[in-house]
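These are the residues of each chain, in order.
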Amino acid sequence: KLSPRQRRAYAAHQNAYENFPFFAAAVIVAITQGASVAAVNGLAAIYIAARIAHGLLYIGDYAAARSAIYALGLFVNIAIFVLPVFR
């Protein structure tokens, strides 16, 4: 019984829950394996900004932009995971 905008908001909310464990694991692994805390913090800030933008684009129904921002967040998350290799 939700409007299309409300359904997209709920889907964005669920998507954020689904993506959080990967982010949390990336940060924990990077920190415990000796990555620079400043680098992890910087990348984490970019990831969080991307996730906020993703939610807003999801609700606004901008599919192409949403996918691009999702990819940015995914790549930043992977970068957090591999940071310890470059210490």
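Going by the structure above, here's the rest.
Here is what the cut-offs are and how they apply
Residues numbered from 1 in each chain as written. Predicted model: local features only at pLDDT ≥ 70, side-chain atom pairs only at ≥ 80, totals over all residues. Heavy atoms only, no water. Helix = DSSP H or I, 4+ residues; strand = E, 2+ residues; numbered from the N terminus. Buried < 20%, exposed > 50% of the residue type's maximum accessible area, 1.4 Å probe, protein only. Contact = heavy atoms within 4.5 Å. Expected span 1.5 Å × (residues − 1). Bend = angle between axes of the 7 residues up to and from the residue.

*Asks:* Describe the side chain of Asn15, and please don't skip the residues or the numbers.
*Replies:* Within the element layout of this structure, Asn15 appears in helix α1 (residues 4-32). Here Asn15 falls in the buried class, since its relative accessible area comes to 15%. Once you skip the residues sitting within four places of it in the chain, Asn15 turns out to touch Arg51, His54 and Tyr70.

*Asks:* Before we move on, can you summarise helix α2 (residues 37-60) with the specific residues and values?
*Replies:* Under the 1.5 Å per step criterion, the end-to-end length of α2 is 34 Å for 24 residues, consistent within 8% with the ideal 34 Å. The complete set of buried residues in α2 reads Val40, Leu43, Ala44, Tyr47, Ala50, Arg51, His54, Gly55, Leu57 and Tyr58. Where the residues of α2 are buried, they touch α1 and α3 (63-82). Just beyond α2, the residue with positive phi is Asp61, at close to 65°.

*Asks:* Describe α1, with residues and values.
*Replies:* Because the α-helix completes a turn every 3.6 residues, residues three or four places apart line up on one side. Between the first and last C-alpha of α1 there are 42 Å, a value that for 29 residues agrees with the 42 Å anticipated at 1.5 Å per step. Residue Asn19 marks the point of greatest curvature in α1, where the axis turns by about 30°; the proline Pro21 follows within four residues. Of the residues making up α1, those classed as buried are Ala12, Asn15, Asn19, Phe23, Ala24, Ala26 and Ala30. At its buried positions, α1 is contacted by α2 and α3. Backbone geometry just after α1 places Gly34 at a positive phi near 90°.

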